[in-house]
Amino acid sequence: MTPLQDATPKKPPNYPANLEASMILPKQRASPASSLAGLPYRRSNPSLHKLFESTASISGSRPSSGTATPTPSVVSGSVFSPGSRQNGTGTPGSLPPGLSDEHRNLIQRAFVPHVAVLADADTEELIRGKGLEGGFLQLLRPFGESVPGKVTIRDSVGASKSYEDFGVRFVDVNEGSGAGRGAELRIDTANREGGRASSSSLRPRRTGGDVAHIEELVDRHLQYSEFNTQDMVSDYLNQGNPTAPSEGTSSPFYTLYLRRLLSGMPMVPHETFAHPVAGVIAISSRSKNPIEEFRKLYNRQHDGDLRLPQWAENDFLRYYVLIHDEENGDIAKSNQTFDAMKRHFGLHCHLLRLKSQQCIPSDDDSVRLPTCEWMSASEELAEIQKRETVDDMTDPAPYLPDSDITAIRTFVRELVAQSVIPNMERNVATWNEQVLARRRGLSGRFMSLSKRWTPFGSSRNSSSPTIGSSNSNYDSLQGFYRPDAPEAQMRKLADYCFMLRDWKLALSTYDILRTDFNNDKAWRHYAGAAEMAAMSALLSPAPLSSKTRMENIDTWIEVASYSYTDRQRSAAPYYALRTLALGLELLRLRSSSAADDAARWASRILETGLVGAIGNALFTERISACYAVRTGVGSLRMGSRRRKAALWSVMAAETWFQLDKALQAEKCLDTALRLYGVNIEHGEGGAVKLPFDQMQTFIDDLRQQILGLRLQNRGFDDAGEEGETREDGLGVEVEEATETFEKSPRGHRKSLIGAAAPLIDVGGPRSPLLERERRLGADEGKAEGFE
Amino acid sequence: MSYTFTILSPTDTPLFAHEFGTCRSGGDGVARFTASERALNPFILHSALDIVEEVQWGPSSSSGSAAMYLKHIDKYQNNFISCWITGANVRFLLLTRPRDEVLGLGSGAGGGARGSLAGGRAGLGGNAGGVYNPTSPATEEAVKNFFVDVYEAWVKTIMNPFFHVGNGDVVKSPVFRARVAAAAKKYL
């Protein structure tokens, strides 16, 4: 959609074409974002629209790469679900039709190695001079999200596989260390972080894991779509070819929710995904004594003020980068320094050549800095707020010269393909040999047995939190394993395997860890191991029999969600939500017989109240999608869950309606009616009625109310009157807030568009909305006639 | 404890619907559904048909002949659904909504909580509200007796030569309704 079209005013019937334009918008009733909504809703400016792009497009799905990671179906227990005879282990086409790999890819791309970035003051200054306030980290972040080209990973048995969508996350060194500073070494740091940080720092946090923020963000996106994309124009254009979304594509808002749930994972003791795998240390060529500068930064990070918390491994791979200033620096000197670096630090060095000049959009070969896909919810919220208040037509995103982009891409590729991944592979091999094999071997089993059964030993004592009294490595007082303990190393091994997509080794390691953590009563760790065991079992392409699924995966998900929430006082609802949400997505892709389980976990999310209002609606919608996957067999479609899916769609529609999200509500209602087999769009003559009269009335009422809400959201009341006369008894009230726009030089532009607007919405026979309403009214009349 | 009893034809058309409350332990036999619950009940019953079909054609639990009483088959939030299926594939669905304090039914100490026989005296487990065990033997037995009585009345009704179930004729007979009500009063 072009910005111009987007800026069309929301149908004020007699739009005053003077400078003091006022716009009538319905006030949000009890919206969760009301804290934020003190800001006026401005009509979109292009820079704001860019932010909402992820959900504004019709389909949020990306091309699926089914070949690399097929999801075979499962031998089932039900008579209606076909067994897995027809597809072997690796057929790419084994996904049921209409299902997309979207969320599976999303999950794979969420768990990637983290790379800490540290730059010296000169570098930061150089980058700020280019117009990037965030410094070196902001420059690198978008490029780490997907490494250009294929990345080849060798797994534990020596087989190589290439992935197109591999990435790393560049994170701030301060974030990680700051989180665990001081007395916050307790386990429940992750939960409180949100509240504490918002008061202590003005900067938006890069760490996610706060469900409330995610809800708020998705709500902003929803509001944007309510107010901006449902123009008459697009409605009119869409009317000709009603898009029937297939069952596989999910709503972009749900995808956004999942993505934000998984971005910015907090750094915690019980899992090592957010612990840095490598650290980039950058200095600029302006520095007088580069090698000394490197040492200083390294020392700061290794034992100085930027040290990671006690429970995190501090001896990770360091990667040294020299940033050469193309315009002011001397390349010969830089090359010399670079050679010295190579002598000192070995292979893990890079010379990055950047231009120091600021670049503006009108320059030749200037490229916009890509938006970060995996920023945390609070960051994106802050960004939206910033752009809304600025009300500027120009796009504030920095632009970079093409050569810079290429240089950074090359750098990231080299970093990942030649340093990070080989290093991880090496670590996996080492730990596999030294730690895991020992634990797995005969003596290891004895060790764990003796640990469990010593008469005077741990089991009695472990309840009293004396450190080192038992032979367990778990520090139950502070709630972590030291990074050099075999358990911690095994966890790291498993996490590395998971990130390198070696699901098999990851699964077996998590499984061993599960029992160990259970014996040590390290509940948070136990939950983490169970969660990841379930995930790796579900992600692995090997077929699962329904028996293993029932016995293992269900139990794992169950204990993980239970241990995350109920054990002790340190509940971690964020992780429980993650477990259930990922479990449901992956189960849904497994086969039709797993769909019931997926729906069960989804309803568990609703029952345990892990999500707020928005999440509630989104997951209700998702349950419907889970049931809809199950299509049944034969011409009668026996064993399908069509009616269940429809029920949940209706529920979702109602929930959305209560949240004032007319667009979503209507979409859900349409889905429900399609599932019920009722097509009211063409239902003039032989309309299929719903089996129960009450159902029909309920749906018709809901439809009417949603239409009314849509009209209100659009802010036109006179034209909506004919639709609303019926509803007066239903208690739908409009609260109006009149907001005045300040005088601005752009007023002239507004008036031009305002003059054009009435042409579009004459509200007569051309309006599909009114037409549908009339038709509905006619249907209603007919129904009443029959009774 | 409130109930909705519905008979559905093989083509999913409702043939008969009756709503009632428990008569046990001081219940007055009036259903206590809120307006929104009442509106949702048809949806819930309709969606349960998916599970009915699954159970109906699934592996039989009884040896030899297929059972007509499918017991408790489905649950949606606090609504429990039991099913009886006749030889002609007509489905009897009973939706049970155990009372809870929110509905404000008489808070008689304990008595109101275990509202009825079907409310699972066997599975009361000590606390008053919210514990309803649809698979406890007492509940299953009570629901079964109810279904048996209704089935008897149903067979007599469809023997009427002027009544065609296959055409989706709605049962209008007041006698049938009275019999269902009597059975409900007796067992639930």
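Described in the following lines is the structure provided in the data block. All values reported here derive from a predicted model rather than from experimental measurement. (Residues numbered from 1 in each chain as written. Chains lettered and ligands numbered in written order. Predicted model: local features only at pLDDT ≥ 70, side-chain atom pairs only at ≥ 80, totals over all residues. Heavy atoms only, no water.)

### Let's talk about the overall build of chain A
- Counting its secondary structure elements, chain A contains 30 helices and 13 strands.
- In chain A, which comprises 787 residues, the proportion classed as buried is 57%.
- Sequence separation of 24 or more characterises 78% of the internal contacts of chain A that already satisfy a separation of 6 or more. (Helix = DSSP H or I, 4+ residues; strand = E, 2+ residues; numbered from the N terminus. Buried < 20%, exposed > 50% of the residue type's maximum accessible area, 1.4 Å probe, protein only. Contact = heavy atoms within 4.5 Å.)

### Focus: the interface of chain B and chain A
- In this complex, chain B contributes 20 residues to the contact, which on the side of chain A involves 22 residues.
- Carbon and sulfur atoms supply 65% of the area that chain B and chain A bury against each other, a total of about 2,200 Å² over both sides.
- There are 6 salt bridges connecting chain B and chain A.
- Of the charged contacts, one joins E54(B) and R641(A) as a salt bridge, the two residues approaching to 3.1 Å between their closest N and O atoms. (Buried area = accessible area lost by both parts, 1.4 Å probe. Salt bridge = Lys/Arg side-chain N within 4 Å of Asp/Glu carboxyl O.)

### Considerations on a negative patch on the surface
Residue and element names in this part refer to chain A.
- Judged by side-chain charge, D363, D364, D365 and D402 come together as a negatively charged surface patch.
- Topologically, D365 is positioned in the loop between β8 (349-354) and β9 (366-368).
- Under the relative-accessibility criterion, D365 is labelled exposed at 51%. (Patch = residues over 30% accessible without salt bridge, like charges linked within 9 Å, V, L, I, M, F, W, Y side chains within 5 Å. Areas by Shrake-Rupley, 256 points an atom, 1.4 Å probe, with all protein chains shown as cover. Lys, Arg positive; Asp, Glu negative; His and termini not counted. Charge placed at Lys NZ, Arg CZ, Asp CG, Glu CD.)

### Side note on the packing of aromatic side chains
- The final tally for this structure, using the stated rule, is 37 aromatic pairs over all chains.
- A centroid spacing of 5.9 Å and a plane angle of 85° characterise the contact between F92(B) and W154(B), whose relative ring orientation is edge-to-face. Within this pair, whereas F92(B) is found in strand β5 (residues 91-97), its partner W154(B) is found in helix α2 (residues 137-158), the two being separated by 62 residues in sequence.
- Exposure remark for F92(B): the relative accessible area of 0% places this residue in the buried category.
- Above the face of the F316(A) ring, R318(A) is positioned so that its terminal group lies 4.0 Å from the ring centre.
- The ring centre of Y163(A) lies 4.8 Å from the NZ or CZ of R501(A), which sits over that ring. (Phe/Tyr/Trp six-rings, centres within 6.5 Å; stacked < 30°, edge-to-face > 60°. Lys NZ or Arg CZ within 6 Å of the ring centre and 35° of its normal.)

### Examining the pairing of strand β6 (residues 276-284) of chain A
All names here are of chain A.
- In terms of burial, β6 is largely enclosed, as 9 of its 9 residues are buried.
- With 6 bridges connecting them, strand β2 (residues 114-119) and β6 associate as parallel partners. For V117, the partnering residue across the bridge sits in β6 and is V280.
- Where β6 lies against strand β7 (residues 317-325), 7 bridges are found, and the strand directions are parallel. Bridge pairing links I281 to Y320 in β7.
- Between the parallel elements β6 and β7, the chain passes through helix α12 (residues 290-302) in a crossover that is right-handed. (Pairing = 2+ DSSP bridges. Right-handed = clockwise from strand over helix to strand, strands pointing away.)

### Some thoughts on the sheet that holds strand β4 (residues 79-85) of chain B
All names here are of chain B.
- Spatially, the 5 strands line up as an open sheet ordered β2-β1-β5-β4-β3, and their pairing is antiparallel. The open sheet has two edge strands with one neighbour each: β2 (14-21) and β3 (69-76). In this sheet, neighbouring strand axes are inclined to one another by 20° on average, regardless of whether the strands run parallel or antiparallel.
- Against the sheet, α2 engages β1 (2-8), β2, β3, β4 and β5, with an angle of about 140° to β5. (Axes fitted to C-alpha atoms, helices over the stretch in contact; angles between N-to-C directions.)

### Comments concerning the packing of helix α21 (residues 546-565) of chain A against helix α23 (residues 595-607) of chain A
All names here are of chain A.
- In contact at an axis separation of 12 Å, α21 and α23 are set at 10° when each is read in the N-to-C sense. If you check the angle between α21 and α23, you find them roughly parallel. Facing R549, D554, I557, E558 and S561 of α21, the residues of α23 in contact are D597, R600, W601 and R604.
- Classifying every residue of the contact of α21 with α23 gives 2 nonpolar, 1 polar and 6 charged. (Parallel < 35°, antiparallel > 145°, perpendicular 65-115°, else oblique. Nonpolar A, V, L, I, M, F, W, Y, C, P; charged D, E, K, R; others polar.)

### Considerations on the sheet that holds β6(A)
Residues and elements named next belong to chain A.
- Strand order in this open sheet of 5 strands is β5-β2-β6-β7-β8, and the pairing throughout is parallel. Across the chains shown, the open sheet's two edge strands, defined by having one partner strand only, are β5 (169-172) and β8. Here the strands of the sheet are splayed against their neighbours by 30° on average, with no regard to which way each runs.
- As paired strands, β7 and β8 are joined by 6 bridges and run parallel to one another. Note that in β8 the partner of V321 across the bridge is H350.

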